[in-house]
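# Chain and residue survey
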Amino acid sequence: MKPLIGLYEEGTHNVVDIPHCKAHHPNINAAVELLRQGITKLNIEPFDEDEGTGELRYVQMALTTYNTSIPASERYKNGKVQVSLVWNSRNENSHNFEKLNALANFLWRNGGPRSDLRFIHSVWANFQTSTNNIIFGNRWRHLLGESGFWEHVGGIDMSLAPSSFGQANTRAFDILLRKLQKYVPYGASVTDLYAGAGAIGLSLAATRKCRSVKCVEVNKESKLSFEKTVERLPNHVDSSISWHHADASDEPLSWLMGSEVVVVDPPRKGLDASLLDALRNISSLERKAKSSPESSDSKVKDEKRPWVLRSLKDSVQIGSKPTLEDSGSLPQTLIYISCGWESFKEDCMTLLSSKKWRLQKAHGFNFFPGTQSIEVLAVFKRGEAASLKKKKSGKKKKRLGRKHPSI
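Residues numbered from 1 in each chain as written. Predicted model: local features only at pLDDT ≥ 70, side-chain atom pairs only at ≥ 80, totals over all residues. Heavy atoms only, no water.

- Per an unreviewed UniProt entry, the recorded name for the protein chain is Methyltransferase small domain-containing protein, and the organism is Salix purpurea.

## A few points about the sheet that holds strand E4 (residues 80-87)
- The four strands lie next to each other as E3-E4-E5-E6, forming an open sheet whose pairing is mixed. Looking at the sheet topology across the chains shown, the edges are occupied by strand E3 (56-64) and strand E6 (139-145). Averaged over neighbouring strand pairs, the angle between their axes works out to 20 degrees when direction is ignored.
- Pairing analysis gives eight bridges linking E3 to E4, with the strands arranged antiparallel. Looking at the pairing, Met61 lines up with Val83 of E4. (Pairing = 2+ DSSP bridges. Helix = DSSP H or I, 4+ residues; strand = E, 2+ residues; numbered from the N terminus. Axes fitted to C-alpha atoms, helices over the stretch in contact; angles between N-to-C directions.)

## Some details on helix H1 (residues 26-41)
- Relative to the 22 Å expected for 16 residues at 1.5 Å per residue, H1 spans 23 Å between its end C-alpha atoms, a close match to the ideal helical length.
- Buried residues of H1: Asn27, Ile28, Asn29, Ala31, Val32, Leu34, Leu35, Arg36, Gly38 and Ile39, and no others.
- Against the buried residues of H1 lie strand E2 (15-17), E3, E4, helix H3 (97-111) and strand E5 (120-127).
- Once H1 ends, the next one or two residues include Asn43, with phi positive near 55 degrees. (Expected span 1.5 Å × (residues − 1). Buried < 20%, exposed > 50% of the residue type's maximum accessible area, 1.4 Å probe, protein only. Contact = heavy atoms within 4.5 Å.)

## Here we look at the packing of helix H4 (residues 170-181) against helix H5 (residues 199-207)
- For the pair H4 and H5, the least separation of the axes is 11 Å and the interaxial angle reads 50 degrees. As far as their axial angle goes, H5 and H4 are oblique. Crossing handedness for the pair H4 and H5: right-handed. Residues Phe173, Leu177, Leu180 and Gln181 of H4 pack against Ala199, Ile200, Ser203, Leu204 and Thr207 of H5.
- Class assignment of the residues belonging to the contact of H4 with H5 gives a composition of six nonpolar, three polar and no charged. (Parallel < 35°, antiparallel > 145°, perpendicular 65-115°, else oblique. Left-handed = near helix turned anticlockwise from the far one by under 90°. Nonpolar A, V, L, I, M, F, W, Y, C, P; charged D, E, K, R; others polar.)

## Regarding the nonpolar core
- One finds Leu180, Val184, Val190 and Val263 to be the most contacted residues of the largest nonpolar core, which totals 40 residues.
- No other element matches the six residues that H5 contributes to this core.
- In this structure, Ile44, Leu85, Leu103 and Leu107 belong to the second largest nonpolar core, which totals 28 residues. (Core = buried A, V, L, I, M, F, W, Y, C linked by side-chain atoms within 4.5 Å.)

## Considerations on the side chain of Ser283
- Note on placement: Ser283 falls in helix H9 (residues 282-291).
- Judged by its relative accessible area of 18%, Ser283 is buried.

## Topic: the packing of aromatic side chains
- Taken as a whole, this structure holds five aromatic pairs when the rule is applied.
- For the ring pair Phe226 and Trp243, a centre distance of 6.4 Å and an interplane angle of 35 degrees mean the geometry is tilted. You can see Phe226 sitting in helix H6 (residues 222-231) and its partner Trp243 sitting in strand E11 (residues 240-245), a full 17 residues away along the chain.
- Taken together, the aromatic side chains of Tyr336, Trp341 and Phe344 make up a single cluster linked through ring pairs.
- Across from the ring centre of Phe47, 4.2 Å away, lies the NZ or CZ of Arg57, which sits over that ring.
- A cation over a ring is seen here: Arg171 above Tyr76, with NZ or CZ 3.7 Å from the ring centre. (Phe/Tyr/Trp six-rings, centres within 6.5 Å; stacked < 30°, edge-to-face > 60°. Lys NZ or Arg CZ within 6 Å of the ring centre and 35° of its normal.)

In C-alpha cells:
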C-alpha cells in the first residue's frame, strides 16, 4: 500500500498526502518522495493511531540554506534537508531498530553527499511510544550526516537541533526580525519569553547592543542550541545574556522585572492567562515592586519553590549579571509575535481594554504562502492612546479684521 506523507486535515488526524507541495522547498518535496520509496522498499509499517501499531509515526523535515562555500544568491536553491524519523519504540534496543537503521541508510545512500542528488543534510531518530498527541519523545539519536544544523537569520548564525522549535520559512522570519529590531532602542534591557533557542533575543543582543538579554523557554532541549549560537556571536557583543529553563506562566512578574522591552512569541493559543494578567496590571505591580524592601539577592538565597530552583540550575549566564539599579522597573515596550490570529485578537483587546497599553504599530507577514495564516508583529507601548480631540490651550484666539478706533 502506498504510504501517505503530508499534513493533517484541519481539525482531524487524517493525513492528506502532499507529494508536490508548492509551499515547500523543492528539496523537501524530493526528500518526501525518497522517504516514500524507502518505506515501500523496506516494508516499513506506517503507524496506525487507532490501533497503536506500526513503526514510523511521524517525520519532520527542516531545510537549511546555510552554506558559506557558495554565493549567497545560490544558497536557497541548494538547501539541504534534515530528516527526523519518529520511531514507535522506546530506544535503540528495540527489536525493529535495524529497520530504522536501514531506512536511514537508504536516505543517505540515495540523497546524501555521495549520491547524484545530494540534498540530505542529516538523518535523526526520535523514539516515541506515548499514546497522546505529543509528536516527539525525550530520546534522540543522531544517525547520519552533520550534527550541526545552522541558519543565518536576524544578523546571527543560529544553531537549531531537531528537538528545538524553528521557523520553517527562514527568509520571511529574517525579514520579520529586521523589522522587529527597529523597535528596540540601542542599549536596552530585553526579556524574550517563549524564547526557544533564543533566535530573537540573541539577534537583538548582536544588532541593538542590548545591555542585557534574558531568554525564557520551557523546552529544555533548546538549551544546547542556545549555547552553540552564543559561541558564534560577533566579537563586539558584550551584553549580559542568559537563558532560563522555565515556564513563562509561572510568576511572570519575576521575568518582567528589570526589563525595558519584553518580546513574546507564544504558541498558537496565545499568551498564558497569568502572563496576560500581569501585563494588564503592570502599573500596580510596578508600584508594589518598587516599594518592596527585600533585595533580589536575599530572594534568591531564601528561594524554596521547585520551579525556580530548577530554572536557576538549568540556566546559562554569558557575561556579567545585569546590575540591580533598574530591578524594580517593568517594561515600557511589549513586542508581540503571533502565529494565531484569533488568539492575538483576544489578547490585543485585553491589553487595550486595560488602558495600560496602546498599540503603536502592527505588521503582517506571509510565512505560509497559499494559506490564510499570517504572522503578526505588533508593538505596544505603556499608557493610553492619545485622544484625537485637540485639547484647549487656554489661550485666546486673535480675531482677524480691522480694529475700530476708539471714539
